[in-house]
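# Structural features, examined
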Amino acid sequence: MAENRQCQPVRETVCIDTYRVLDSCRDKDCFEDTRVYLTEYGQQLLDSGAAVRVKSAKTVWSYIDIDEVPFNRGFYQIDIRIFIRLTIEVCVGPGHVEEICGIAAVEKRVILFGSEGNVRIFKSEGGCSGFCPSGRRSACKSATNLPVAVLETVDPIVLSYKVIPPHMCKCCCCVCDIPEQVVNMMDGNMCEQGGNILAVTLGMFSVIRIERPAQYLVGAAEYSVPEKECPEADDDDPCKMFRKMPFPVGEFYPPSQCAINRCPPRNNDSHSHCGCGD
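What you see as residue numbers is a count from 1 along each chain, following the sequence as written. With pLDDT at 70 or above as the cut-off, local features in this predicted model cover only qualifying residues; side-chain atom pairs require 80 or more to be listed or tallied, and sums for whole chains, interfaces and linings still use all residues. Water and hydrogen atoms play no part in the side-chain values, which are based on all heavy atoms of the structure.

Let us now look at the overall build of the protein. Put simply, DSSP H or I for four residues or longer makes a helix, DSSP E for two residues or longer makes a strand, and each gets a number counted from the N terminus. When you go through the protein residue by residue, the secondary structure sums to five helices and 10 strands. A burial count over the protein gives 28% of its 278 residues as buried. Working note: accessible area of the protein is about 20,300 Å², and carbon and sulfur atoms make up 51% of it. We call a residue buried when its accessible area falls under 20% of the maximum for its residue type, exposed when it is over 50%, and partly exposed in between, using a 1.4 Å probe and counting protein chains only. Areas reported here follow the Shrake-Rupley algorithm with a probe of radius 1.4 Å; residue values treat only the protein chains shown as occluding.

Right, dumping it as structure tokens:
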């Protein structure tokens, strides 16, 4: 009987090192008339084009700076600059459209509680923790007692756009402030001075949190080997692999207002109308 029993996973209490969220906030920002920086070729098209349309926006980079708030122990000011890449269409002639890209930068500032810490943290890394480390590698660096600020955001929504003269632009930075990684995404050299300026109004949802390292005791069990076997891809018969795919019924039936708003049926009636405002 004992031989037929399956081995139960061993449970124990272990200590883990992770980050504790001390404070967080969510925000819904509207950045009006934000300048879009273009390449030299894009600026030429904007100055000579007949019409402009912004197709999409994507968040590509962010700077986050954190400083202590004077006379408020445990609170920190978080300054964030977000860089957004926009895809733009310019009508340069009858029936002819050119697609260009631009960069917009927006800024926001929040104050969150991050507690206090006076410890110095050192972590072993290759080449720096040995008795006789190599001089070609950098020495171990210690972490400061500042907490860690984290930004989570979805791609912004383009609410409106227009072409305006330079003196009406709201600029939080210049071309030299755009990170090299972002500039490399553009096809061509950036143009800082030009004639017309493309300004966009962006709506953005974001979550900002402040964290510190912490150690916790948690219950854990030994890792178990999964019972499911890895399926092999059948490259010789693509139609056979296609027939195994489930039919995408949901793609052919758009969700109703009830499904989108997830309105619960009233009076336990599953056939009740879906109008939330009824």
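Let's pick the thread back up.
What follows covers the pairing of strand 1 (residues 11–39). Across 23 bridges, the pairing between strand 1 and strand 10 (residues 197–221) is antiparallel. Its bridge partner lying in strand 10, C25 is registered against I208. Two strands pair if DSSP finds at least two bridges between them. Pairing analysis gives three bridges linking strand 1 to strand 4 (residues 96–113), with the strands arranged antiparallel. Among the inter-strand pairings, L38 is bridged to a residue of strand 4, identified as G102.

Time to look at the confidence of the model for the protein. One rule of thumb: low pLDDT means the predicted coordinates there are not for detailed reading. Scored from 0 to 100, pLDDT reflects the predictor's confidence in each residue. Taken residue by residue, the protein gives an average pLDDT of 80. The fraction at 70 or more is 77%. When pLDDT is averaged over each element of the protein, strand 7 (residues 148–153) comes out on top at 94 and strand 6 (residues 142–143) at the bottom at 58. Here, residues are in contact when the closest pair of their heavy atoms is within 4.5 Å. Contacts from residues 269–278, a stretch scored under 50 in pLDDT, to residues over four places away or in other chains number 10 contacts.

What follows is about the packing of aromatic side chains. Pairing of aromatic rings covers Phe, Tyr and Trp, the last through its six-membered ring, and needs centres within 6.5 Å; plane angles under 30 degrees mean stacked, over 60 mean edge-to-face, and all others mean tilted. Across all of its chains, the model carries two aromatic pairs by this definition. For the pair Y63 and F83, a centre-to-centre distance of 5.8 Å together with 90° between the ring planes defines the contact as edge-to-face. You can see Y63 sitting in strand 2 (residues 51–68) and its partner F83 sitting in strand 3 (residues 75–93), a full 20 residues away along the chain. Take Y63: its relative accessible area is 40%, and that puts it in the partly exposed class.

This next bit is on the pattern of salt bridges. The term salt bridge refers to a side-chain nitrogen of Lys or Arg lying within 4 Å of a carboxyl oxygen of Asp or Glu. The final tally for this structure, using the stated rule, is 11 salt bridges. With a shortest N-O distance of 2.9 Å, E89 and R53 are connected by a salt bridge. In this pair, E89 sits in strand 3 while R53 sits in strand 2, placing the two residues 36 residues apart along the sequence. Ionic pairing is found between E107 and R81, a salt bridge with its closest N-O pair at 2.4 Å. Pair noted here: E107 is in strand 4 and R81 is in strand 3, with a separation of 26 residues, a long-range link. Looking at R81, the relative accessible area reads 18%, which means it is buried.

Bringing the side chain of T201 into the picture now. Along the chain, T201 falls in strand 10. In this structure the side chain of T201 is engaged in a polar contact, spanning 3.4 Å, whose partner is the backbone nitrogen of D33. In contact with T201, not counting residues within four places along its chain, are C30, F31, E32, D33, I157, V158, L159 and S160. N or O atoms within 3.5 Å of each other form a polar contact, as long as, within protein, one can give a hydrogen and the other can take it, and as long as residues adjacent in sequence are counted only when both atoms are side-chain atoms.

Even without a glycine there, the phi angle at D33 is positive, about 50°. Assignment of secondary structure puts D33 in strand 1.

So, on to helix 1 (residues 40–48). Inspection of helix 1 places G42, Q43, L45 and L46 among the buried residues, and these make up the whole buried set. The buried residues of helix 1 occupy an angular sector of 160° when the element is viewed end-on, so they sit on one face. For helix 1, the exposed residues set more than 90 degrees away from the buried face come down to Q44 and S48. It is the directions from the helix axis to the C-beta atoms whose arc is reported.

Looking now at a nonpolar patch on the surface. On the surface, V154, I157, L159 and F205 cluster together into a nonpolar patch covering about 370 Å² of accessible area. Relative to the helices and strands, V154 is located in the loop between strand 7 and strand 8 (157–164). Exposure above 30% relative accessible area and the absence of a salt bridge qualify a residue for a patch, where like charges join within 9 Å and nonpolar side chains (Val, Leu, Ile, Met, Phe, Trp, Tyr) within 5 Å.

All right, on to the environment of I178 then. Structurally, I178 is set in the loop between strand 8 and helix 2 (180–183). Overall, the relative accessible area of 7% leaves I178 in the buried class. It is 9.6 Å that separates the C-alpha atoms of I178 and Y37, two residues lying 141 residues apart in sequence. I178 has contacts with Y37, F83, I103, V183 and M190, leaving out every residue within four places of it along the chain.

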